[in-house]
Amino acid sequence: MLLNLEGVSKAFKGLKAVNSVSTRLEEGKILGLIGPNGAGKTTLFNLITGVYPPTEGKIFFDGKDITSVAPHARCWMGIARTFQLVRPLPELSVLDNAAIGRVYGRDPIRNRSKAEKASYETLEMVGLAARASEKAKSLTLVDRKRLELARALAAKPKLLLLDELLAGLNPSEVLTSMALIQSIRDMGITIIMVEHLVKAVFGIADQIVVLSAGELIAEGTPAEIACNESVIDAYLGRSLHA
Amino acid sequence: MKTTSRQLPSFKPSRRWLTPGAIAVLLAFAVVFPQQVAKDNVWNLFFLMCLGIAMGQSWNMLGGFAGQTSLGHAAFFGIGAIITRVLWFHGTPFFLALIVGGVAAATFAMIIGAPTFRLRGAYFAIGTLAVAEVLRITIAQNQPYISTMPGSMIAEYNLPSRYWLALGLAIATTGAAYMLLRSRWSLGILGVREDEEAAQATGVHVLRHKLLALGLSAVFMGLAGGVFAFKQISYYPEAPFFPTFTFEALMIAYIGGLGTVSGPVIGGIFFVVVRERLAANLTDVHQVIFGALFVVIVLLLPGGLLEIWDRSKRLALRVIRR
């Protein structure tokens, strides 16, 4: 097991944003995390990446208890993420944005020019190599999303968390991004993706976890989830003439 | 992943020859001109410019690169001054005293850094101002008498030696800022400035990088204080702790171009020349004029004077290429 959540809860001033969630994720799989707005998906991401500690429960990564490990140290161990509202480092060049991941992530390259060379390859992979010398703030939304992905990938993660990477993209961009996500999985990187585009998630995920009001209400393969009664009630909805 | 043996394209625009040329001209001027004129007021003016450049570079390392606005840099300046002066007066070779002063300033910075960096933005600025003011008042209470150079030192005092030292410090500080910006550490330091949380999620140890920027910044501010202590014949020990030194350093960085290496150089020269002019002619209001100038620059020219320079250079290159 690469990731193991044991009864993880997070309360904000009494409000339980995540309530006793337990799940396991095998290496090399794509986990789709779905649920209505306010279900606690981003909070769960923040718990896995260490933005704040859980109020209850334990988190194991790669066999180690990381419940109280700081975010930067989790990145060193191999957890990287993108943010729902993209956060590239605006005044830095596209290349430097990616190079940060390579210099500070897992298995880092401490020599800056070597790290830049390696990050350039990551930029090629996401299709941003031509813009390497531009400032990140000059990029369009799609390209910023790509850059976030490149920065996370440059950190050589074992586990990659994608927070609504597909949101705001047009249909053809969604397709290329899905192909990209699959090729990242094929590199051996385990992925957790939060996504509202249910069709897209069901298309590429190996495992789906459904959150509602902070609780895990269902877990299984896309096919199992698609006909799960409680998921249909809470999130997917019933077709009118069913 | 695709692997390529292709060379990285050149990421910097083709204006590289301008920079070494400008540095050479500036250095030649700084070395030749004061010797040719050989007047006290010129040695003085050039000394102040170099001190201003060093202070601006120092402040910029923390405020411009790491994005942490300190209002307490006078504390580092003052510590450097007082330690250097006391050791030097008591027979320590000057350069050793100067270095100990710089190290003492950095040590103090490390001690106050960990707690003050728990504060962010305006609270960090207020916290550093409070620390520096407490230190200034403490010094004023404990060292109320004017510190004057012993007669033997006054006898062999000469301005050019003070200027050469200040010039050396300005060059060293600028060189350090340049090397810092090219190092891998700058990725983390600039990353912290741009977005702490995103940098942290990418493996940057935020506190460590803030402390690194603070430590370097404090070393050079302390050395500047030591150079001040080497030049001034007599002053109240409290004087180098005055917030004026913080605000001069800050304004030089902002006026020249925050977060750049050449900005504090341009800012230092401009600031000192204008200040000396204004102070001579409009003694009463020159501070007010500076306040206004500062506000105008921050609002209209966030890139500082360097922005004018960059814009006109780009324009000129476009005309040449045609």
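Residue indices follow the written sequence of each chain, beginning from 1 at its first position. Whichever chain is written first is A, and whichever ligand is written first is 1; the rest continue in order. A pLDDT threshold of at least 70 governs which residues receive local features in this predicted model, and a stricter bar of 80 or more applies before side-chain atom pairs are shown or counted, although totals over entire chains, interfaces and linings include all residues. Just so you know, side-chain values use all the structure's heavy atoms and leave hydrogens and water out.

Topic: a nonpolar patch on the surface
Residues and elements named next belong to chain B.
- The patches described consist of residues with a relative accessible area above 30% and no salt bridge, like charges being joined within 9 Å and nonpolar side chains (Val, Leu, Ile, Met, Phe, Trp, Tyr) within 5 Å. Under the convention used here, a 1.4 Å probe and the Shrake-Rupley method define accessible areas, while residue burial counts only the protein chains that appear. We define a salt bridge as a side-chain nitrogen of Lys or Arg found within 4 Å of a carboxyl oxygen belonging to Asp or Glu. A cluster of nonpolar side chains, contributed by L282, V285, V288 and I289, occupies part of the molecular surface with about 310 Å² of accessible area.
- Put simply, DSSP H or I for four residues or longer makes a helix, DSSP E for two residues or longer makes a strand, and each gets a number counted from the N terminus. Along the chain, the position of I289 falls in helix 13 (residues 286-300).
- Only protein chains enter the accessibility calculation, which uses a 1.4 Å probe; a residue is then buried when its area is under 20% of its type maximum, exposed when over 50%, and partly exposed in between. Take I289: its relative accessible area is 33%, and that puts it in the partly exposed class.

Quick word on the domain arrangement of chain A
All names here are of chain A.
- Looking at the assigned domains, one finds that chain A contains domain 1 (1-78 + 157-242) and domain 2 (88-155).
- Taken over C-alpha atoms, the centre of domain 1 sits 25 Å from the centre of domain 2.
- Taken residue by residue, the interface counts 20 residues in domain 1 and 12 residues in domain 2.
- The contact between domain 1 and domain 2 buries some 1300 Å² in all, and 72% of this surface belongs to carbon and sulfur atoms.
- Counting the contacts that link domain 1 with domain 2 gives 0 salt bridges.
- Here a polar contact means two N or O atoms within 3.5 Å. Within protein one must be a hydrogen donor candidate and the other an acceptor candidate, and residues neighboring in sequence count only if both atoms are side-chain atoms. Here domain 1 and domain 2 share 4 residue pairs in polar contact (both at pLDDT 80 or more) between them.
- If you list the elements that add at least two residues to the side of domain 1 that touches domain 2, you get helix 2 (71-77), strand 7 (159-163) and helix 6 (171-186).
- A per-element tally of the side of domain 1 that touches domain 2 places helix 6 first, with 4 residues. Note: domain ranges come from an automatic or database domain assignment. Contacts are assigned to residue pairs with any non-hydrogen atoms lying within 4.5 Å of each other. Accessible surface is computed with a 1.4 Å probe, and the buried area is the amount of it that two parts give up when combined, taken over both parts together.

Points about the pattern of salt bridges
- Applying the stated criterion across every chain, the model contains 24 salt bridges over all chains.
- Between D206 of chain A and R185 of chain A there is a salt bridge; the shortest N-O distance is 3.0 Å. Taken together, the residues D206 of chain A in the loop between helix 7 (198-204) and strand 9 (207-212) and R185 of chain A in helix 6 connect sequence positions 21 residues apart.
- The shortest N-O distance in the salt bridge between E196 of chain B and K210 of chain B comes to 3.1 Å. One end of the pair, E196 of chain B, is in helix 9 (residues 196-201); the other, K210 of chain B, is in helix 10 (residues 206-231), with 14 residues separating them in the sequence.
- Shared partners join several salt bridges into a network, and the residues in it are R131, E134, D143 and R146 of chain A.

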